[in-house]
Amino acid sequence: MTPDGLTPDPGLPDDRTNDDRLLDEWLPGLRLVDHHVHGAFAASPDRAGFEESLREGPHGPVPSWMSAFDSQLGFAVRRWCAPLLGLPAHASPDAYWRRRAELGEREVTGRLLPAAGVEHWLVDTGYQGDRLLTPGALGERAGGTGHTVVRLESLAEQLAAQGTGADAYPEAFRELLHAATRDAVAVKTVAAYRTGLDLDWSRPEPERVRAAAARWLAEAGPLPRLADPVLVRHAVHCAVDRGLPIQFHTGFGDRDLDLHRVNPLLLTGLLRQPRVAAVPVMLLHCYPFHREAGYLAQAFDQVYCDVGLAVNHVGARAAAVVAESMELAPFAKLLYSSDAWGPAELHFLGAALWRRATAGTVRAWVAAGDWSEPDARRVVRMIGRDNALRAYRL
Amino acid sequence: MTPDGLTPDPGLPDDRTNDDRLLDEWLPGLRLVDHHVHGAFAASPDRAGFEESLREGPHGPVPSWMSAFDSQLGFAVRRWCAPLLGLPAHASPDAYWRRRAELGEREVTGRLLPAAGVEHWLVDTGYQGDRLLTPGALGERAGGTGHTVVRLESLAEQLAAQGTGADAYPEAFRELLHAATRDAVAVKTVAAYRTGLDLDWSRPEPERVRAAAARWLAEAGPLPRLADPVLVRHAVHCAVDRGLPIQFHTGFGDRDLDLHRVNPLLLTGLLRQPRVAAVPVMLLHCYPFHREAGYLAQAFDQVYCDVGLAVNHVGARAAAVVAESMELAPFAKLLYSSDAWGPAELHFLGAALWRRATAGTVRAWVAAGDWSEPDARRVVRMIGRDNALRAYRL
Amino acid sequence: MTPDGLTPDPGLPDDRTNDDRLLDEWLPGLRLVDHHVHGAFAASPDRAGFEESLREGPHGPVPSWMSAFDSQLGFAVRRWCAPLLGLPAHASPDAYWRRRAELGEREVTGRLLPAAGVEHWLVDTGYQGDRLLTPGALGERAGGTGHTVVRLESLAEQLAAQGTGADAYPEAFRELLHAATRDAVAVKTVAAYRTGLDLDWSRPEPERVRAAAARWLAEAGPLPRLADPVLVRHAVHCAVDRGLPIQFHTGFGDRDLDLHRVNPLLLTGLLRQPRVAAVPVMLLHCYPFHREAGYLAQAFDQVYCDVGLAVNHVGARAAAVVAESMELAPFAKLLYSSDAWGPAELHFLGAALWRRATAGTVRAWVAAGDWSEPDARRVVRMIGRDNALRAYRL
């Protein structure tokens, strides 16, 4: 690979530098960092399971009177993934499913994952990880490197399952966090799902943490689920002390969250704290609050943001969402992620739609004379790759 | 009419199916369902009254230093309605008013209503219905069918006016609802105006309903106005039991509402309730929260949404708003409405601007290769017609 | 100057009226009213200070791993200001800074300020005014007229610094307001920064004002900073009585504010008060709540709004933001401002980007047939000039 992360293109004479090549010729070869993703399916789902995994919000089967394919994401699968499976663009859902089933998961992932053109995958293993490829296997299958992102809430739940006592909890969490992140590149919190982001984000006193732990551990049962605000705050502040980049789920996700309580602006009080200023804070997804996230990325030097997940789910509207994310946020503070989980279609589409959306957006600015072409290429590389390499020290 | 709701076009040979016709040729003939609308004026307003009815927000006359025509809606009236009255496009406000007054309301409605191309009008009769055409008269004048949508708050006010006692109120409301909706296709709530949507949406105990009714009925006076949160919740939960689709005003409207308290996301707690999952919930208008509404339509199988009212009021910006509404929402969950009230201009423009905006939006996706043309036509027909036929069992 | 605020163009024959000229030919000559701005630097900043002034949000120096030029605003400076300093468009940050330093602040302001094409500058002198040109000097340097906007919070702080007693405070504030605004065209409040806008906006009783003043004055110290909600409300209601237009900071600004607490919708309760209906209320900036601001401008006859500050900071995205601001707001209620502070680049860019964004927006509507060209010119002149002349009685 060339130093700037481009796959060398044998069709170009050696003396042509990036500055000589047009954006559209250059962008497909840019190797991305997908800074927040999950594993791809290790084994084939059935059709119902596949269609469910195209819907972010609901739990349970798709009603009979509708199709999961009748959405921007479903249309994007038929448009952009079908050709990689040897089908015409816009193949019907039935044809797509037949072909996918016929090829099997190994072949499907083998075609779709490398086509994403991702060099580093930062994998959150915290949700149904047993059904998915591990970070290592994902990287291998995709022709890149998998890295681990540790979910804070899972650590607390691990302590509960191990029978940790309330008095030991505050320090035990801190120790487990250090042990679990020895080889990790980041941590992640799903406070958005568990408590909402409208918390008092001050660091809780150890005494209060112990009291909260006593309550929670007493009720936690065999499948503990951390949703106590004091323990969530404790986890986040331990992570601040640990110093790795902290990813926050913000904005839309499945229906377990209250969307009006996961606006990233609700983190403002946390971001203002001096200790938090020293740690990169990554705002994930953000939609439909991506403009608000851009404001935070501009106002706080340690804050980064992306429009992952959204880019996949809005499909043909990805360019509009990407363009909106490029308003207030300094270009050094934007990142790429897919937030793909399950079907390798999502790992591929995240990258494919992002490339298409970003190229369309900056190309229009170049054409209108607002931006220069070298600047456009440089900014696209920052967002797709360089910012993440720097912030995660990859 | 053909089975797919298209007016047969004599200029097309019989063997040309929809798949052979281009979107722009096909869309003008698509017969819509306007799933939320009010009557058109039964008699001509004076000029001041006409101009007031072009303003959604304010109460009272237009100040002397401005013109109600100087808005996106006013420009759209001059652009798209003027030719139907025999004037050039962009006719001046004075010329438009003179011509309108000269023709009279019967002729104006006779020209504008049929031009909307609407087959089913779902008419909320709950606001100043005495000045407006009835659902039957509207359907007849327009060349379609009028249906009745019953406003929940009006039923409560009817009980108060009849002198219903507090003890009888809970059951009396339920009985009146059943009687009043015998021939209705849906109910509607204007909780947004009366209490805001930031309520505890749990089902209130009968004892609390009686207590609230006692308070309200004691104070209601000769023109009762339901604004008690407990009674609004009672009405909504009775409607859930009744099982008809429930329309919620959300988003902008006149200045009686607090816009920050009518975000459809504030209904999340209601939508999660198992009994509510069985009833179609229609989020009306939604602007500027239409992306949030799209999230709800994606997260909850029973939720639908539209950008009615907004499409008229944003005029030349309708395509941008329609495109934003087509991000997260599954295509089976989007609906068309005008929310027209009063001037037949609004009944016509709702449809005309929606067709233009939707065509422009999907045409661009087809041109860019993101969507196929058959998919585009199919989705437009779902939104404009088929989804409503299914959800309202028309 | 011609009566419509256009610089006469000697290249056009006398008998060509505005109606004969195309928008693109006409708009560069339109003389604007910048209804909310600060002074330009009186003396050259150093490079670090210059770059800091390109960032709205953060306090303190730009981190070494990023550049303040890598933002939409930075790109706009290199694109649009560089040629006025004799550099090629898209000049590098180093080249730009060298050239700027070489020319000196007097030459830079002498080139950039007149190029804004602004006739009236309404200058808020309330923030670090000692580093900036006075309203008079700004007007003179720019070839226009400077006017004064008085910041309400500064008056309270002046009283505190003078040792005013709590008992005298309510009336002393009122008297100082009258004295200080004798030659002012408007007042401004930064309640957004000091208390947030989520206040009970009722008029406080004198007794409560005295009590709040007693607390505040006791703690105020040598550099008093008004952040007491009762005193802020008192100041605003005194301003309502004074009758001058009141400018409210709303939407984004530096990181001292909580963005989710400065949504202009939070002023709804204030705007509904009958006395407030008599006074023009100017919602500044508004981003990302400019659609919400447009709703308020439509719902309340006395409310105006702009997208100042945002237009500069979103650069190439200015057309998208301007277009969104032209949805619900009646055209008589939109205003132009730059909110420039410090570098004359911001005074120039505000106007240049607004012209470009607005022209692009309305030109597209004219090209699509939605608007007529004369209407487009008329609306642009209303927003850029006429609305402000009327509302501020200039």
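By the naming in an unreviewed UniProt entry, chain A goes by Amidohydrolase-related domain-containing protein and is assigned to Actinacidiphila rubida.

Student: Outline helix α3 (residues 72-81) of chain A, listing residues and values.
Tutor: Most of α3(A) sits out of view: 10 of its 10 residues are buried. Residues Gln72(A), Leu73(A), Gly74(A), Phe75(A), Ala76(A), Val77(A), Arg78(A), Arg79(A), Trp80(A) and Cys81(A) constitute the buried set of α3(A). Looking at the buried positions of α3(A), the neighbouring elements they touch are α4 (93-103), α5 (105-115), α14 (310-314) and α16 (344-367) of chain A together with α16 (344-367) and α17 (373-391) of chain B.

Student: Break down the packing of aromatic side chains for me, citing the residues and quoting the values.
Tutor: Tallied over the entire structure, the rule returns 45 aromatic pairs over all chains. Seen in terms of ring centroids, Phe75(A) and Phe331(B) are 5.0 Å apart; in terms of plane orientation they differ by 70°. Their pairing is edge-to-face. Pair noted here: Phe75(A) is in helix α3 and Phe331(B) is in the loop between α15 (318-325) and α16, and the two residues belong to different chains. Here the aromatic cluster, defined as three or more aromatic residues joined through ring pairs, consists of Phe50(A), Phe69(A), Tyr96(A) and Trp97(A). Here the basic side chain of Arg79(A) rests over the ring of Trp80(A), its NZ or CZ set 3.9 Å away from the ring centre. Sitting over the ring of Tyr304(B), Lys333(B) keeps its end group 5.8 Å from the ring centre.

Student: I'd like to hear about the interface of chain C and chain B, residue by residue, with values.
Tutor: Counting residues at the interface gives 32 residues for chain C and 36 residues for chain B. Summed over both sides, the interface of chain C with chain B buries roughly 3,000 Å², with 53% coming from carbon and sulfur. Run the count over chain C and chain B and you get 7 salt bridges. For the salt bridge of Asp258(B) with Arg272(C), the shortest nitrogen-to-oxygen distance reads 2.7 Å. At the boundary of chain C with chain B, the tally comes to 18 residue pairs in polar contact (both at pLDDT 80 or more).

Student: Please provide a residue-by-residue account of the interface of chain C and chain A, values included.
Tutor: Contacts between the two partners involve 36 residues from chain C, matched on the other side by 33 residues from chain A. Carbon and sulfur atoms make up 53% of the surface buried where chain C meets chain A, a total of about 3,000 Å² over both sides. Counting every contact that joins chain C to chain A gives 7 salt bridges. Joining chain C to chain A, the criterion identifies 17 residue pairs in polar contact (both at pLDDT 80 or more). Of all the secondary-structure elements, those providing two or more residues to the side of chain C that touches chain A are α3 (72-81), α14 (310-314) and α15 (318-325) of chain C. Looking at the side of chain C that touches chain A, its residues break down into 16 nonpolar, 8 polar and 12 charged.

Student: Explain the relation of the copies chain C and chain A to me, and be specific about the residues and the numbers.
Tutor: Two copies of the chain are present, and they differ by a rotation about an axis and a shift along that axis. The operation relating chain C to chain A is a screw motion whose rotation component is 120°, with 0.0 Å of axial translation and a residual RMSD of 0.0 Å. Those values place the two copies in the arrangement expected of a three-fold rotation axis. Minimal C-alpha separation from the rotation axis in chain C is found for Ala320(C), amounting to 5.8 Å. A share of only 3% of the interface residues of chain C reappears at the interface of chain A, consistent with the copies meeting through non-equivalent patches.

Student: An account of the state of the cysteines is requested, with residue identities and associated values reported.
Tutor: Residue and element names in this part refer to chain A. Tallied over the full model, the rule gives 0 disulfides over all chains. With no disulfide of its own, Cys-286 lies closest to Cys-305 among cysteine sulfurs, the gap being 5.5 Å. What makes Cys-286 buried here is its relative accessible area of 0%.

Student: Residues and numbers for the side chain of Arg291(C), please.
Tutor: Mapping Arg291(C) onto the fold places it in helix α13 (residues 290-299). A distance of 2.9 Å separates a polar atom in the side chain of Arg291(C) from a polar atom in the side chain of Glu324(B). Setting aside residues no more than four positions away along its own chain, Arg291(C) makes contact with Tyr287(B), Pro288(B), His290(B), Arg317(B), Val321(B), Glu324(B), Glu324(C) and Glu327(C).

Student: I'd like a rundown of the UniProt feature "domain: Amidohydrolase-related" (unreviewed entry) in chain A, residues and numbers included.
Tutor: Within the UniProt annotation, "domain: Amidohydrolase-related" (unreviewed entry) is assigned to residues 136-394 of chain A. Overall, residues 136-394 of chain A shows 51% helix and 10% strand. The separation of its end C-alpha atoms is 15 Å.

About the thresholds
- Residues numbered from 1 in each chain as written.
- Chains lettered and ligands numbered in written order.
- Predicted model: local features only at pLDDT ≥ 70, side-chain atom pairs only at ≥ 80, totals over all residues.
- Heavy atoms only, no water.
- Buried < 20%, exposed > 50% of the residue type's maximum accessible area, 1.4 Å probe, protein only.
- Helix = DSSP H or I, 4+ residues; strand = E, 2+ residues; numbered from the N terminus.
- Contact = heavy atoms within 4.5 Å.
- Phe/Tyr/Trp six-rings, centres within 6.5 Å; stacked < 30°, edge-to-face > 60°.
- Lys NZ or Arg CZ within 6 Å of the ring centre and 35° of its normal.
- Buried area = accessible area lost by both parts, 1.4 Å probe.
- Salt bridge = Lys/Arg side-chain N within 4 Å of Asp/Glu carboxyl O.
- Polar contact = N/O pair within 3.5 Å; in protein donor to acceptor, adjacent residues only side chain to side chain.
- Nonpolar A, V, L, I, M, F, W, Y, C, P; charged D, E, K, R; others polar.
- Least-squares fit on C-alpha atoms with pLDDT ≥ 70 in both.
- Disulfide = S-S within 2.5 Å.
- UniProt positions renumbered as here; feature names shortened; annotations may be inferred.

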